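Read off the chains here:
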Amino acid sequence: MTLVEARDLARDYRFGADDVHALRGVTFDIEEGDYVAIVGPSGCGKSTLLNLLGAIDRPTRGSVTIRGQAVGEMRDREATLFRLRNIGFVFQRFYLMPTLTARENVELPMAEAGLKSAERAARARELLAYVGLSHRERHRPTELSGGEQQRVAIARSLANRPAILLADEPTGELDAKTGAEIIELFGQLNRDGTTIIVVTHDEELAGAARRKIHMRDGRIVDE
Amino acid sequence: MVVQLAWASLRRHATRTLLAILGVAVAAAMLLDMVMMSTGLRESFRELLMSRGFQLRIAPRGTLPFDTDATITGVSGIVATLRMNPDIVTISPVLGSTIHVPIGDRTFTSATLGADPAIQGDYELLSGRDPIARDEIAVNDDFIRATGVRIGDSMRVATGYDPQLRTYSDSRTMVITGRVRFLYGAANQLATAMNLPTVQEMARLPDNASLFMIKVRDDVDVEEARAWIEAEVPRVSALSIATALEQVDQRLSYFRQLAFILGTVSLFVGFLLVTTLITVSVNERVGEITVMRALGVSKLHIVQQIVLEGVVITLSGAIAGLGLGLVTARYLNSILASFPGLPVAIDFFLFQPKAAWMSLGLLSLSGIAAGIYPAFRAASLPIATTLREEAIA
Amino acid sequence: MLAHLAVAFLLLQSPQHRTIAIDERLAQDAGIAIGDRLTVSARPGAPDGDTVIVSAILKRSADPAEIARSEYQVRMHLDHLQSVASYGDRVDRFAVATRGDSAIESALRDINAAAFGFEAHRSRDIAVGTSRTFQVVSRFHKAIGVITIVASAIFLLCIMLLKVEERRRDVAALRLMGISATTVVKGVVAEAALLALVGSVLGVGVGWFASQLINWYYQGLYRSPLYFSLITAEIVTFAVGLSLVLGIVAGFLASLRLVRTPPLTLFGR
């Protein structure tokens, strides 16, 4: 089943007096259960594309539909709710809340979704166990290594059982060994049914994906 | 989770949070003091005037009670006129004068009030009994402390001092029958009480009074009674509690104005402190806030969390400020209470729960207002752009 | 000129009437003008007072003791007042002027030795004794001032803490580059001092403006030429000096906190 449909997506930015065309008309489909890596040199528009897919930015032109809903046209409140229920984000810099423990970080999206405390705690523990961090649930991000922080971030992204997991350079801040562990985790997630789109420079991570989309100068040049 | 995040954020920079609470506490204390001062004097004075139930006072025309040395003549005639009004329940004429009491090689000068002990409203008997007979006198604690006399002692009391001849026009021996507290007495003021005819005789002011204290029936319109008195006795001014308060308001309007200005400044300073703290705190956490938005946390919840931080600081400061405010109010009151001639019973700073609630309410509103703009601004930042800027930073 | 001529004319017409001077407040409130005939008596409402002619209207002096009192002032010839008030050949006090300050002591001594039942005082001593009300107000203002200074000090410290923490990464980078802690502290203190100085200057301006406003308002309210608020060089010097000191201390304490934290911790690692 087609999960994501992107049609002629474009995104322009204005920097001072100049216009920058970050995306110049990108079209593709993502099926449910896909594991896609978007690769390309710096500034090719891959992160911009991810932002549009994740409804955290709006296209200048074109459309993106996820589960039949046109996310590019949503108003802020609608988009926020859509992200909460359908999208899981993993960032390069983890972006965990430093004042919360690992478990509380994982609970955060569930709390926003209105789940009861006991339910949240149980699911958070389940997710932390899945990513191999049961023993670190009470630790704050400053007490965790980079790899552990990224695992917590991955657990957080799965909190509300999203339709799709978007990851922007998830191994960018990690050493090779830790990066490999994360790559393995993504593989496991996909095997368990999660649709994943990663943006990456990491050849290993790109290689682990089942499909690659190559981009250059805001366009898809190869699939 | 909103509450949890707000609390965690405040604890993250504990020193900063505590300092802000302290700053708000001082502002809150000042605000509470100013609210207390703006109504305190008036309420305190009103309570004093009403303490014995006399709703009206009569003074020589154009004057306030004991404002001048002028007296009202023809007391018995005035009393007879006033008795014609069935609404008037009690009439207490009072004459004030000065007495001199030689004890040993010193002479003590004291104020004295002449009134009918059965109906007077100027003093409260603390021990002993009222001075009823013509040779009886009651004294206050300041008099006792200064002279060393006791109840039961006899002493020489004189009036009408001629400094050139160093003689008195009247001098007699009086027995101290009681210890009294003068409701309108100033601090450290020597004061005594005798019955009215005695003071009139000694001061050579027969059938004179400095003022009349009047009690009317509870169901009577006091202003109507006041107007009747002024119409029937044109050479006096009748003052209701309302008119007396107006006079006080006018004379001491400076303190109300100061209270308003300082109260406003305190509120503004408290607001400024909290808003600065919240703004800096939010600017530091722009990345976190934007990520929460990316994760699907609504703008409303983010604004709620940040506003809650401001409210917690403000309320904590307000509660601490309540205690501090009561302490500083006592201190400031002790300074103002030394106004010469001010009745000891008057407080400039009167604690009324309404005042505390008002201060708390104003501060809470300012706490909410302080957080709203920075919170809303941060929650409205474009997610993608902000995340990229944070990554670069 | 014309008013005086009018009075002189009236006096010629009715030589038995004495003249009085009234203060401008009474003239304004009662609508009295020079040349008007009034009745004066020592007893309120007495029908048998003296008829007098108003010969002058006086400006009120800048006497603090008159503030908040709604008394009117009337000047009469001494013998006339003695007669109206049935005082006889008595006065409340004498005012004595000496030939120069050096004569005051000897005059005091001589009068006190000679006057039976009276005492001579320096005017200054009486002023001090009768100004207790203003001493109370002054103490009250000082207390408010102290509270304000304490609040400002806390506020200043809080703001400086926030300001330096905002730039902790910049400071961390400088420290890692080899800039000493002393240099960082000096920089922050200099910034705090400058802020305090600029703030003080602004504050003096606001204070001056507020002072003008206060005088304008209360002079009108109490109808007095008295200055209610006065900004002197000493006050300005004290205010600026104190805020500079507070600013520098706040900056120093805030920067101390910053330089005691290891640079990597400042970076958040």
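Everything numeric here is computed off the predicted structure, so don't read it as measured data.

What counts and how
- Residues numbered from 1 in each chain as written.
- Chains lettered and ligands numbered in written order.
- Predicted model: local features only at pLDDT ≥ 70, side-chain atom pairs only at ≥ 80, totals over all residues.
- Heavy atoms only, no water.
- Helix = DSSP H or I, 4+ residues; strand = E, 2+ residues; numbered from the N terminus.
- Rg over C-alpha atoms; globule rule 2.2 N^0.38 Å.
- Buried < 20%, exposed > 50% of the residue type's maximum accessible area, 1.4 Å probe, protein only.
- Contact = heavy atoms within 4.5 Å.
- Areas by Shrake-Rupley, 256 points an atom, 1.4 Å probe, with all protein chains shown as cover.
- Lys, Arg positive; Asp, Glu negative; His and termini not counted.
- Charge placed at Lys NZ, Arg CZ, Asp CG, Glu CD.
- Core = buried A, V, L, I, M, F, W, Y, C linked by side-chain atoms within 4.5 Å.
- Buried area = accessible area lost by both parts, 1.4 Å probe.
- Salt bridge = Lys/Arg side-chain N within 4 Å of Asp/Glu carboxyl O.
- Polar contact = N/O pair within 3.5 Å; in protein donor to acceptor, adjacent residues only side chain to side chain.
- pLDDT = per-residue confidence, 0-100.
- Pairing = 2+ DSSP bridges.
- Axes fitted to C-alpha atoms, helices over the stretch in contact; angles between N-to-C directions.
- Left-handed = near helix turned anticlockwise from the far one by under 90°.
- Nonpolar A, V, L, I, M, F, W, Y, C, P; charged D, E, K, R; others polar.

Participant: How should I be thinking about the overall build of chain C in this particular structure?
Facilitator: When its secondary structure is counted, chain C shows 10 helices and four strands. The helix and strand sequence of chain C, counted from the amino end, reads α-β-α-β-β-β-α-α-α-α-α-α-α-α. Whereas a compact globule of 269 residues would reach a radius of gyration of roughly 18 Å, chain C reaches 32 Å, over 25% beyond that. With respect to the three principal axes, the spread of C-alpha positions in chain C is 100 × 50 × 35 Å. The buried share of chain C, reckoned over its 269 residues, is 27%. Considering only contacts in chain C between residues 6 or more positions apart, those separated by 24 or more positions represent 66%. When the accessible surface of chain C is totalled, it reaches about 17400 Å², and 63% of it is carbon and sulfur. Computing the positive centroid from 27 side-chain charges and the negative centroid from 22, chain C places the two 13 Å apart.

Participant: Is there a simple way to think about the nonpolar core in this case?
Facilitator: One broad trend across soluble globular proteins is that nonpolar side chains are buried collectively. Core analysis: the biggest nonpolar cluster contains 115 residues, and Leu49 and Ile197 of chain A, Met37, Leu336 and Phe349 of chain B together with Phe140 of chain C have the highest contact counts within it. With residues near it in sequence (within four places) discarded, isoleucine 197 of chain A still touches Ile30, Val36, Ile38, Leu50, Leu53, Ile164, Leu165, Leu166 and Ala167 of chain A. Judged by nonpolar contacts, the second largest core, of 34 residues, contains Val39, Val106, Ile182 and Leu185 of chain A.

Participant: Sorry if this is basic, but what is going on with the interface of chain C and chain B here?
Facilitator: Note on interface size: it is often stated as the accessible area lost on association of the parts. Each partner contributes to the interface: chain C provides 34 residues, whereas chain B provides 44 residues. When chain C packs against chain B, close to 3500 Å² is buried across both sides, 71% of that on carbon and sulfur atoms. Applying the counting criterion to the chain C and chain B interface returns two salt bridges. Salt-bridge contacts for glutamate 165 of chain C lead to arginine 16 of chain B; the nearest nitrogen and oxygen are separated by 2.5 Å. Taken together, the connections running from chain C to chain B amount to five residue pairs in polar contact (both at pLDDT 80 or more). Elements represented by at least two residues in the side of chain C that touches chain B include exactly helix H6 (132–166) and helix H8 (181–222) of chain C.

Participant: When you look at the confidence of the model for chain C in this model, what are you seeing that I'm missing?
Facilitator: Detailed conclusions should not be drawn from predicted coordinates in areas where pLDDT is low. Per-residue confidence for chain C gives a mean pLDDT of 84, with 90% of residues at or over 70. Prediction confidence for the complex, expressed as pTM and ipTM, is 0.77 and 0.86 respectively.

Participant: In this structure, what is going on with the pairing of strand E3 (residues 50–58) of chain C? I would like to understand it.
Facilitator: Regular strands place their side chains on alternate faces of the sheet. Residues and elements named next belong to chain C. Summarising the sheet, strand E1 (residues 18–23) and E3 pair through six bridges and their orientation is parallel. Residue pairing across strands places arginine 18 opposite valine 52, the latter belonging to E3. In this sheet, E3 lies alongside strand E2 (residues 37–40) in antiparallel orientation, the contact comprising four bridges. The residue bridging valine 40 from the neighbouring strand is aspartate 50, located in E3.

Participant: Any chance you could explain unusual backbone geometry here in plain terms?
Facilitator: With the exception of glycine, the majority of residues adopt a negative phi angle, and the majority of peptide bonds are in the trans configuration. Positive phi, normally seen in glycine, also occurs at alanine 55 of chain A, with a value near 60 degrees. Looking at the secondary structure, you find alanine 55 of chain A in the loop between helix H1 (46–53) and strand E4 (61–66). Judged by its relative accessible area of 9%, alanine 55 of chain A falls in the buried class. A positive phi angle, near 50 degrees, is found at serine 86 of chain C, a position not held by glycine.

Participant: How should I be thinking about the packing of helix H9 (residues 286–295) of chain B against helix H10 (residues 299–336) of chain B in this particular structure?
Facilitator: Angle between the axes and distance between the axes: these two values describe a pair of packed helices. Residues and elements named next belong to chain B. Contact pair H9 / H10: the axes reach a minimum separation of 10 Å and the direction vectors enclose 145 degrees. Remark: the crossing between H9 and H10 carries right-handed chirality. In this structure, H9 contributes Ile289, Met292 and Arg293 to the contact, and H10 contributes Lys299, Ile302, Gln305 and Ile306.

Participant: How should the sheet that holds strand E2 (residues 18–31) of chain A be read in this particular structure?
Facilitator: All names here are of chain A. The antiparallel open sheet is built from four strands, whose spatial order is E2-E1-E4-E5. Because the sheet does not close on itself, it has two edges, and the strands there are E2 and strand E5 (69–70). Bridge count between E4 and E5: two bridges; the pairing is antiparallel. Considered in E5, the bridge of threonine 65 is made with alanine 70. Packed onto the sheet, H1 meets strand E1 (2–15), E2 and E4 and runs at close to 60 degrees relative to E2.

Participant: I tried to follow the interface of chain B and chain A on my own but got confused; where do I start?
Facilitator: Taken together, the 23 residues of chain B in the interface contact 23 residues of chain A. Summing the contributions of chain B and of chain A, the shared interface buries around 2200 Å²; its carbon and sulfur component is 65%. Along the contact surface separating chain B from chain A lie two salt bridges. Its salt-bridge partner being arginine 293 of chain B, residue aspartate 76 of chain A comes within 2.6 Å of it at the nearest N-O pair. Taken together, the links from chain B to chain A amount to seven residue pairs in polar contact (both at pLDDT 80 or more). Sorting the residues of the side of chain B that touches chain A by element identifies helix H1 (2–12), H9, H10 and helix H12 (383–392) of chain B as the ones contributing at least two each. Along the lines of polarity and charge, the residues of the side of chain B that touches chain A split into 12 nonpolar, five polar and six charged.

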